[in-house]
Amino acid sequence: MKKQKTKESLISKNIDGEIGLNNEQVEERIKKGYQNISTKSYEKSTLGIICSNTFTFFNCILLVIAAIFLGFIIFLHVSGNEEVINKHFGFSKFAFLLPALMNVVFGTIQELNSRRTIRKLKIVTESKVNVLRNGEVLNIPSNQVVLDDIIMLKAGDQATADLEVLSGEVSVDESILTGESDYVKKHKGDKILSGSSIIVGDAKTKVVQVGDDTYASKLSQKVKSGARHKSELMDSIVKIIRFLAIMLGVLAVTIIGTLIYKISVHGNNPEVWDGMTLSLTDPVTWARIMVTVGSFGIGVIPAGLMLTTSVAMMISIVGLSKKQTLVQELYSLENLSRVDVICLDKTGTLTDGTMNVCDVKMYEHLEIIVEHIQNLLASQPSKNQTALALFNKFGSAENVEYSEIIPFSSQTKYSGLVYKNGDRLIMGAPEYLLEKGDEKLKVVEEQAKQGKRVIAMKLNDKLLCFFVLEDHIRDSAKDTLKFFRENNVEVKVISGDNALTVSKIAEKCGIKNYDKYISLEGIELDKIKDIADKYTIFARVSPEQKEALVEALQAKGHKVAMTGDGVNDILALRKAQASISFANATEAAKSCADVILLDNDFSHLKDVVGEGRRVINNIQNLSILFLMKSIAIMITCFVSIAFKKGQMWYSVENAYMLEATSIGTGGFLLSFNNDNKSPVQGSFIKNIRIKAVAAGALAALAICIPIMLYTIPTFYGHDPIVKATNVKAMITILLTTAGLVVLLSLCVPFNKYKAFAFFATLFVVFVLSNVFPTAYIGGHPISADLFNYNKTLGENIYDSQFFSEIFRPWNSPIIQNLFADSSTFIVFGVFVLVGFPLFYMNLRLIDNFIKTEYNRELFKQRIKEKFRKKRA
């Protein structure tokens, strides 16, 4: 309460509206904390970033499994079962935490770097306001505004604090705050809430609330910090995680139930249980059961999938920032990658926004025309590009007497003033100022055919002249539009200008179907859905019609992107799946945009769309590798029910080579593949589910083949094809090979980078195979007994099995057993020769199936749309 009283005492009713606050008053308010700074942060703290990367759903499960392993190790140690610890609970049982730890460290570092980069870039696009202090108008950042400051507002500005109108009149868009799309007029004494956009008019206002006390802050800064659009990719990954979480519980129950039954039946047979007898009353038995449950739990978790997805996008966003492109939301890249229609605003997008007056068609003496245009320009406190072109040609009057300013409106398409004698001077679109059928409109049509813009000026009912202006087309426009055309992105041009003028500019830019144009003047909103697909050029479009166009295209199944730089674009920008604005755009437009082009260069859109497609396509391939292991483990769990030993054939070490090579190395390298910018078709889950199941089935087959080649012959009294000593090693070898087969299929056809990624993975396989064969090939734990050596024989630590395998891997019992059994090479050779061709052909068939399904869905949508139109 004390602070509130102090605040009220600061609000002076005697502040001079012509001078504003002085320096002393500003400093006083800053010291008291009445600056326009919110204490509520919508950005993750460093601790928040670390926690969010560490305590993911899957990381928590892995930590629980590690805790269970550790608990049993402590119990076995206390109970004197050191041999069981060495055989089943070695150090390697915890190696699954290493990739998770690397993901946490890498993800945290990358997110911190991205946050630092985004902070720097946001300084460039920070909201600024015109504030009156010491009798001068200053342009300052919005966070330097203090209570009682005098703010000068104009069309295109966004209120960054709660304001009270002192003089002037403005039309305000409060839809971001209230949900009401109608513009609200504000007069002297009215309040303008922060977050509101100024559509029409100018006003002098006083700041009445700042920082956390503003209305918008209480609504948690709905525009600036809220998620703009849903992410199909993240929604799909969340669905996958939920499914796997359910399956994790199912697998745990299945494994425990299976092993309880197997042990109750075969527990006394040491040949089944690696030379041990098991009993359900023995804690050691339960330790082995829980190790098996944990191994399958670890195997089914694609721990790095979500993190790798986020990191891949962050890296792309930081890369785009170096090209002067600010992506304001992480998953905006995904939305842009799926775009198949882009709606462009002519002014500022196809053209650079600058104009020059190239002719004047006069219906009155030149001296009279110049006098009136100078008066009109002098009455306008702010100038758009049209006014600047006229000012550069004619200048403005020093003093002009008028009784009223007529602000520009998107509905009326004109602005002007009323002289003190009552004469009304207006300037705007000829089609709105002249009657239909007026002969003078032929001049407008002739100029429009040349791609020129015409502005009419009238005094009361008399036409004074036509100003003919010429837009300057961006140098990069043709090349950028060619990119969209070649990448199956349909271009629509939406403009407030004359239809023929826009059509001619579109022709110069190389836009397809430039001759299909229409003026939306007088067309009702509910009729727009019937013409959205028929035309390419839409002229004389109001803000509400822009929004309706975007909605109509979305209703027809299109993914729509919208570019815009003015307040008249706000409604459409918010509605589009992806929105793009420019650094020189109005604050209101930038606050709605997913992407801001910091150097106002339209050509960067090629980089944004291409980068989005590259990231999504790479993540889809990466997801197949991650989910391959999860699906393989699920299949193996249920198939293993048929074996005497149940699921105990598989251990967590069997998958380490796969995770470190095909998934870890190959998947990581493929996420940077730059030759993958084809359009993203269909949904994420539909695109990967069949491929992931096929890859998982291949990997499950790799696990089950060695087990079956041992158990089936033994069951019928024959010698096993794969010896018992080689079963676990063959599981690892074939599982790793399955991963390489899937990776190779994703790399074919090769380019230089994909060839590098694949052969780099092979190199890692070779290195790990020679570093420690017992774990990486044999699938056995690395335990303390591997470091034992005989001092009486003069041995040292380097003579232990651990270092012996590292420096002399060919002496490893695992390697010697494999080379002693020729059947292992036959099994391996058959698996490779049959597995790769079958899987590769299967993958291509799946691709064709997905494309066919996608085209069938599009065909169904088109048929439905035709029937809908016929019924209408």
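K.L.:
In this structure, what is going on with the overall build of the protein chain? I would like to understand it.
P.N.:
Scanning the protein chain from terminus to terminus reveals 32 helices and 21 strands. Counting only residues that meet the buried cut, the protein chain has 53% of its 872 residues in that class. For the protein chain, restricting intrachain contacts to residue pairs at least 6 apart in sequence, the fraction spanning at least 24 positions comes to 71%. Accessible surface, the protein chain as shown: approximately 39,200 Å² in total, 57% of it carbon and sulfur.

K.L.:
How should the confidence of the model for the protein chain be read in this particular structure?
P.N.:
The predicted coordinates ought not to be read in detail in places where the model reports low pLDDT. Confidence in the prediction of the protein chain, expressed as mean pLDDT, is 82, and 88% of residues score 70 or more. When the criterion is pLDDT under 50, residues 1-11 qualifies, and its contacts beyond four places in sequence or with other chains add up to 15 contacts. Scored below 50 in pLDDT, residues 220-227 makes 18 contacts in the model with residues more than four places away or belonging to other chains.

K.L.:
I would appreciate a short explanation of the pattern of salt bridges in the present structure.
P.N.:
Close approach of charged atoms allows side chains of opposite charge to pair. Considering all chains together, one arrives at 21 salt bridges under this definition. A salt bridge links aspartate 149 to arginine 133; the shortest N-O distance between them is 2.6 Å. Of the two residues, aspartate 149 is situated in the loop between strand E2 (136-141) and strand E3 (150-154) and arginine 133 in strand E1 (residues 128-133); the sequence distance between them amounts to 16 residues. The two residues aspartate 149 and arginine 133 agree in class, both being buried. A cluster of three or more residues bridged by salt bridges with shared partners is formed by Glu28, Arg29 and Asp148.

K.L.:
I tried to follow a nonpolar patch on the surface on my own but got confused; where do I start?
P.N.:
On the surface, Ile826, Val830, Leu833, Val834, Leu838 and Met841 cluster together into a nonpolar patch covering about 610 Å² of accessible area. Within the secondary structure, isoleucine 826 is located in helix H32 (residues 822-871). You can call isoleucine 826 exposed: its relative accessible area is 56%.

K.L.:
What exactly am I supposed to notice about helix H27 (residues 727-747) here?
P.N.:
For an α-helix the count is 3.6 residues per turn, leaving residues at separations of three or four pointing the same way. When the terminal C-alpha atoms of H27 are compared, their 30 Å separation across 21 residues agrees well with the 30 Å that a helix rising 1.5 Å per residue should span. The buried fraction of H27 is high, at 20 of 21 residues.

Calculation criteria
Residues numbered from 1 in each chain as written. Predicted model: local features only at pLDDT ≥ 70, side-chain atom pairs only at ≥ 80, totals over all residues. Heavy atoms only, no water. Helix = DSSP H or I, 4+ residues; strand = E, 2+ residues; numbered from the N terminus. Buried < 20%, exposed > 50% of the residue type's maximum accessible area, 1.4 Å probe, protein only. Contact = heavy atoms within 4.5 Å. Areas by Shrake-Rupley, 256 points an atom, 1.4 Å probe, with all protein chains shown as cover. pLDDT = per-residue confidence, 0-100. Salt bridge = Lys/Arg side-chain N within 4 Å of Asp/Glu carboxyl O. Patch = residues over 30% accessible without salt bridge, like charges linked within 9 Å, V, L, I, M, F, W, Y side chains within 5 Å. Expected span 1.5 Å × (residues − 1).

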